[in-house]
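Listed here are the chains, written in short residue letters.
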Amino acid sequence: MEIGFEILHYQSTNDTIDCVNSILKYIDNPLIVIVDNASPNRSSLKLQQLYRNYPNITVIISEKNLGFAKGNNIGYRYIRNNYKCKYICCINNDTRLIDYGFKEKLDMLYSRFNFGVFAPSVKLPDGSIQSFNPQIHSLEYYEKEICYLTHANSLKEYHCSKGVIGKLFYYFPNIMRVIRIMKQKIRKPYPDYMLNVVLHGCFVVFSELYISIFEDAFCPKTFMFREEELLFLKTREAGLSTLYSGNIEIFHNEDSATNYSYPDQERKYQFMRENQIKSTKILIEELRKKNNEEWVRENQ
């Protein structure tokens, strides 16, 4: 099996089933490992029963919720230690393959760019491309972000602390969404290829170069958030490249698992706030180890 898929599952069974079905549809003979992150609704038992007769699908149940990085690392390590895969894809359960040429395009990109880590273009339910920031920021930026989060006790306060644009996103989210879609129709949001950039984390492909060096996919220090920047630091420090390409596209039912667990937006914000602060402090510590400004300039 040349390609393995690790799916991080939490609560939302239908999302995970749809994700698995998309892999089986678009990839010949895939290896699939589902990691249940201690779902309290015991949905892992349904998945085990559903895939019991699939020799290429394994369901692993974690005894506790380990968060994004450690949860993904369980499946990554299982595949790395038991199979010789050219690629290991760590993906959210609310993502879907939508391209019959996925594997062939991935091989072409690897042959051309020799990447360590890859991420594709991400299509959202409204038809737009998911936004992400491809650049690592300065220490000052992340320190300010902690300040914003520390003093913003509500979702409203957080958005309003970001100025006019933040207020528009809070008070007029539908209008801002329409504006984003219109802007993308006029101009592509990202180039076809971006080398050595911070990647989004919902669908990450690790190549054999990365797999041969690292026992874990993601930095295990965080519970959730800032995994992308920490992965960028880790990859570049090892002398490997990261690659984004719009030539491969996947679908993402964004925030499905988090919304399932936190249907109330204020509760979701408090969860986000607490973990963003913790993870951003970890990122700042890692940046300081790398002499921040000089290292960032050299790796952009």
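About the criteria used
- Residues numbered from 1 in each chain as written.
- Predicted model: local features only at pLDDT ≥ 70, side-chain atom pairs only at ≥ 80, totals over all residues.
- Heavy atoms only, no water.
- Helix = DSSP H or I, 4+ residues; strand = E, 2+ residues; numbered from the N terminus.
- Rg over C-alpha atoms; globule rule 2.2 N^0.38 Å.
- Contact = heavy atoms within 4.5 Å.
- Areas by Shrake-Rupley, 256 points an atom, 1.4 Å probe, with all protein chains shown as cover.
- Lys, Arg positive; Asp, Glu negative; His and termini not counted.
- Charge placed at Lys NZ, Arg CZ, Asp CG, Glu CD.
- Buried < 20%, exposed > 50% of the residue type's maximum accessible area, 1.4 Å probe, protein only.
- Arc of directions from axis to C-beta.
- Pairing = 2+ DSSP bridges.
- Salt bridge = Lys/Arg side-chain N within 4 Å of Asp/Glu carboxyl O.

Draft legend 1. Representation of the overall build of the chain in the model. For the chain, the helix and strand inventory stands at 13 helices and 9 strands. Over its C-alpha atoms the chain spans a radius of gyration of 19 Å, differing by no more than 12% from the 19 Å that the globule rule assigns to 300 residues. Taken along its principal axes, the extent of the C-alpha atoms in the chain is 55 × 45 × 40 Å. Within the chain, residue pairs in contact and separated by at least 24 positions form 83% of the contacts whose partners lie at least 6 positions apart. Put simply, the chain shows about 14,600 Å² of open surface, and 51% of that area lies on carbon and sulfur atoms. If you average the places of the 38 positive and of the 35 negative side-chain charges in the chain, the two averages end up 2 Å apart.

Draft legend 2. Structural view of unusual backbone geometry. The phi dihedral of N196 is positive, around 60°, even though this residue is not glycine. Looking at where N196 falls in the secondary structure, it is placed in the loop between β7 (193-195) and β8 (203-207). The phi angle at F225 is positive, at roughly 85°, despite the residue not being glycine. Residue position: F225 is located in the loop between α9 (208-211) and α10 (227-237). By relative accessible area, which is 21% here, F225 ends up partly exposed.

Draft legend 3. Main features of helix α2 (residues 43-50). Buried residues of α2: S43, S44 and L47, and no others. Buried residues in α2, looked at end-on, bunch into an arc of 105°, giving them a common side. In this fold, the buried residues of α2 make contact with β1 (3-9), α1 (13-26), β2 (31-36) and β3 (57-61).

Draft legend 4. Geometry of the pairing of β1. Counting buried positions along β1 gives 7 out of 7 residues, so the element sits mostly inside the fold. Both faces of β1 are covered, namely the face carrying I3, F5, I7 and H9 and the face carrying G4, E6 and L8. For β1 and strand β4 (residues 87-92), the ladder comprises 6 bridges, and the chain directions are parallel. Opposite E6, over in β4, you have C90 as the bridge partner. Of the pairings in the sheet, the one linking β1 to β2 comprises 6 bridges and is parallel in character. The residue of β2 that forms the bridge with G4 is L31.

Draft legend 5. Region of interest: the pattern of salt bridges. A full pass over the atoms with the stated rule returns 15 salt bridges. With a shortest N-O distance of 2.8 Å, R288 and E143 are connected by a salt bridge. Placement of R288 in helix α12 (residues 265-289) and of E143 in helix α5 (residues 139-151) is noted, with a sequence separation of 145 residues between them. Residues K278 and E274 are paired through a salt bridge, measuring 3.1 Å at the closest nitrogen-oxygen approach. Note that K278 and E274 are positioned in helix α12 at a spacing of 4 residues, about one turn of the helix. On the basis of relative accessible area, K278 is assigned to the partly exposed category, the value being 47%. Here E274 falls in the partly exposed class, since its relative accessible area comes to 45%. Bridged by salt links that share partners, the residues E2, K86, K103 and D107 form one connected network.

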